[in-house]
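Examining the three-dimensional arrangement
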Amino acid sequence: MKITVVGTGYVGLVTGTCLAETGNVVTCVDIDERKVNKLKNGQVTIYEPGLEKLFERNLKEERLFFTTDLEEGIKDAAIIFLALPTPPGEDGSADLKYVLGVAEHLGKILTDYKVIIDKSTVPVGTAEKVHAAIAKNYAGEFDVVSNPEFLREGVAVDDFMKPDRVVIGTTSERAKKLLTELYGPYVRQGNPIIFMDERSAELTKYAANSFLATKISFMNEIAQLCERLGADVDMVRRGIGSDDRIGKRFLFPGIGYGGSCFPKDVQALVHSSNEVSYEFKILNAVMDVNETQKKHLVSRINNHYEGNLQGKHFAVWGLAFKPNTDDIREAPALEIINSLLAAGATVSAFDPEAMPNVKAIVGDKINFAETQYDALEGADALIIATEWNEFRTPDFDKVLATLKEPVIFDGRNLFEVPAMFEKGFHYESIGRPLIQLPKIV
Ligand code: NAD
């Protein structure tokens, strides 16, 4: 099948590459000329495990093309995916200017029947708006389908190639047939394609992300209680996670959810609720808890240094909002670093993939280390902000020998508390008992 993907970011590039992998011929369109040139020259523009190999193969076998020209990009395509940004507007609503802008442009250049698929996360009613924007200038036949994307950065290729489910919102039989054929190779193991109306599909995506964010905020509140009641959140997590109705996943407390999806999608669903005069009480609390949790580690650090961070130097391991990605949108690490700098501290950071993206924003306000151990040089303490695998079993002797003082603030609960105590660390983590070492003087 000939397919166009408009928007070649985290979702668009993975979608385009994975669609090419099963034999489709895919043209990816983006307005960012630099990005398109890099991609044309065989350079993958994001870090996503497993993507590079697929990208190179499909580029070489001429199933994957890139252009900045929408008209050229949609020529001969049966299906056009929109994988465009839907950032939060000032009032928290999803900004549809990119999606509707492209839809209007499509209306001016369509010449025959095509299925336009919205993969971006968009509020209920957007498919109708996209339809209207196209129909303003195009009187021919076309269908607009809502097909929200559930891939997770870090495992996006696997998620696309073997999705738990594919949600397709359409009432058009013609579009249904085409999409059943398109997604066939990805659901061979029997995972369902769930057909529904457009509005339900649009809401499904927000409901999924908001539910997951709720799980995180719930566990962060349990962790706060553990810290105050002398309980261990790891034990509580295991205790409740073994109940099938609750499940083991997404029960890890930390430094608040971040990334390009959860914060904006929870906000957007609250905004949509308000618009129909419904107060979504749980989600308001989820956002509140997340704001508190993002500040929690810094307040623990402040307590440790009795409110005076002036002149302190911190090593920060991890900048990406989660491991296995270079995405730093709404990353808790950045908020932590900003608070430390504002309090007069300095920072040396290390992240396996995200440093160039952070450098582009913060410049030389912090130092970027070559290795995780270099970051420790001259640091009063280590802060762990992202749970990259390589931070899980570090050379603790080297850590002890390099840090000025054996102090670790772990926002991701990577290590066992008693073991850290035995190694001689003052180790603070989230929702777990603090075994206090004698104060270092
Ligand atoms: P992104 O910012 O990484 O990519 C968007 C791309 O669209 C950019 O490359 C940008 O240059 C391009 N673009 C902007 N305007 C354009 C135009 N007029 N024509 C062509 N290209 C244009 O965003 P993303 O993370 O891929 O997210 C895209 C959508 O998918 C969002 O709605 C997001 O909520 C949703 N989503 C994201 C994820 C994720 O993990 N990133 C997962 C599921 C759903």
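Further up the page is the structure itself.
Quick look at the structure, then. (Residues numbered from 1 in each chain as written. Predicted model: local features only at pLDDT ≥ 70, side-chain atom pairs only at ≥ 80, totals over all residues. Heavy atoms only, no water.)

In the vicinity of the ligand lie 27 residues, with Asp30, Lys35, Thr86, Glu153 and Lys264 positioned nearest. One nitrogen or oxygen atom from the main chain of valine 11 is found 2.8 Å from an oxygen atom belonging to the ligand. The contact in question runs from an oxygen atom of the ligand to an N or O atom on the side chain of aspartate 30, over 2.6 Å. Protein contacts shield 88% of the accessible area of the ligand, which totals 830 Å² for the unbound molecule. Where the shell around the ligand is concerned, the elements lending two or more residues are helix H1 (10–21) and helix H5 (97–109). Each residue belonging to the shell around the ligand can be placed in one class, and the counts come to 12 nonpolar, seven polar and eight charged. When residues of the shell around the ligand are assigned to domains, at least three map to each of domain 1 (2–196) and domain 2 (197–441). (Near = heavy atom within 4 Å. Polar contact = N/O pair within 3.5 Å; in protein donor to acceptor, adjacent residues only side chain to side chain. Areas by Shrake-Rupley, 256 points an atom, 1.4 Å probe, with all protein chains shown as cover. Helix = DSSP H or I, 4+ residues; strand = E, 2+ residues; numbered from the N terminus. Nonpolar A, V, L, I, M, F, W, Y, C, P; charged D, E, K, R; others polar. Domains from an automatic or database assignment.)

Glancing now at the packing of helix H9 (residues 198–229) against helix H11 (residues 262–275). Two packed helices can be described by the angle between their axes and the distance between those axes. At a minimum axis distance of 9 Å, the contact between H9 and H11 shows a crossing angle of 115 degrees. As the angle between them shows, H9 and H11 are arranged roughly perpendicular. Here the hand of the crossing between H9 and H11 comes out left-handed. Contacts between H9 and H11 involve Leu203, Lys205, Tyr206, Ala207, Asn209, Ser210, Leu212, Ala213 and Ile216 from the former and Phe262, Asp265, Val266, Ala268 and Leu269 from the latter. For the contact of H9 with H11, a count of residues per class yields 10 nonpolar, two polar and two charged. (Axes fitted to C-alpha atoms, helices over the stretch in contact; angles between N-to-C directions. Parallel < 35°, antiparallel > 145°, perpendicular 65-115°, else oblique. Left-handed = near helix turned anticlockwise from the far one by under 90°. Contact = heavy atoms within 4.5 Å.)

So, about the layout of surface pockets. Of the volumes computed, that of the second largest pocket is approximately 280 Å³. Lining the second largest pocket are 16 residues, with Pro123, Val124, His271, Ser272 and Glu275 sitting closest to its centre. Of all the elements in the fold, those that place two or more residues in the lining of the second largest pocket are helix H6 (126–135) and H11. The leading source of residues in the lining of the second largest pocket is H11, at six residues. Split by residue class, the lining of the second largest pocket holds eight nonpolar, six polar and two charged. Here the lining of the second largest pocket spans two domains, and each of domain 1 (2–196) and domain 2 (197–441) adds at least three residues to it. (1 Å grid on protein atoms, 1.4 Å probe; cavity = no way out; pocket = protein on both sides within 12 Å on 5 of 7 lines; lining within 4 Å. Points joined across faces, edges and corners; volume = space filled by probe spheres on them.)

Among all positions in H6, only Thr126, Ala127, Val130, Ala133 and Ile134 are buried. Buried residues of H6, viewed axially, fall in a sector of 125 degrees; they line one side. Those residues of H6 that are buried are in contact with H5, strand E5 (115–118), strand E6 (143–146) and H9. (Buried < 20%, exposed > 50% of the residue type's maximum accessible area, 1.4 Å probe, protein only. Arc of directions from axis to C-beta.)

Summed over all chains, the structure comprises 23 salt bridges. Within this structure, Glu291, Lys294, Lys295 and Glu335 form a network of salt bridges that share partners. (Salt bridge = Lys/Arg side-chain N within 4 Å of Asp/Glu carboxyl O.)

For the rest of this paragraph, the subject is the packing of H9 against helix H10 (residues 233–241). Packing of H9 against H10 leaves a shortest axis separation of 9 Å and a crossing angle of 135 degrees. Taken together, the axes of H9 and H10 are oblique relative to one another. Where H9 crosses over H10, the handedness of that crossing is right-handed. Residues Met219, Ile222, Ala223 and Cys226 of H9 touch H10, and the partners they reach there are Val233, Val236, Arg237 and Ile240.

Across a sheet, paired strands are connected by hydrogen bonds in the backbone, their directions being either parallel or antiparallel. The strand order E11-E10-E9-E12-E13-E14 describes an open sheet built from six strands, whose pairing is parallel. Each having just a single partner strand, strand E11 (367–368) and strand E14 (426–428) make up the two edges of the open sheet. Helix-sheet contacts for helix H13 (residues 332–342) involve strand E9 (313–317), strand E10 (346–350) and strand E12 (381–384), and the interaxial angle to E10 is about 155 degrees. (Pairing = 2+ DSSP bridges.)

Considering all chains together, one arrives at 17 aromatic pairs under this definition. Between the aromatic rings of tyrosine 183 and tyrosine 186, the centroid separation amounts to 6.2 Å while the plane-to-plane angle is 70 degrees, which identifies the pairing as edge-to-face. Comparing tyrosine 183 with tyrosine 186 shows no difference in burial state: the two are buried. Just above the ring of tyrosine 113 sits the side chain of arginine 174; from NZ or CZ to the centre is 3.5 Å. Lying across the ring of tyrosine 373, lysine 398 places its NZ or CZ 4.5 Å from the centre. (Phe/Tyr/Trp six-rings, centres within 6.5 Å; stacked < 30°, edge-to-face > 60°. Lys NZ or Arg CZ within 6 Å of the ring centre and 35° of its normal.)

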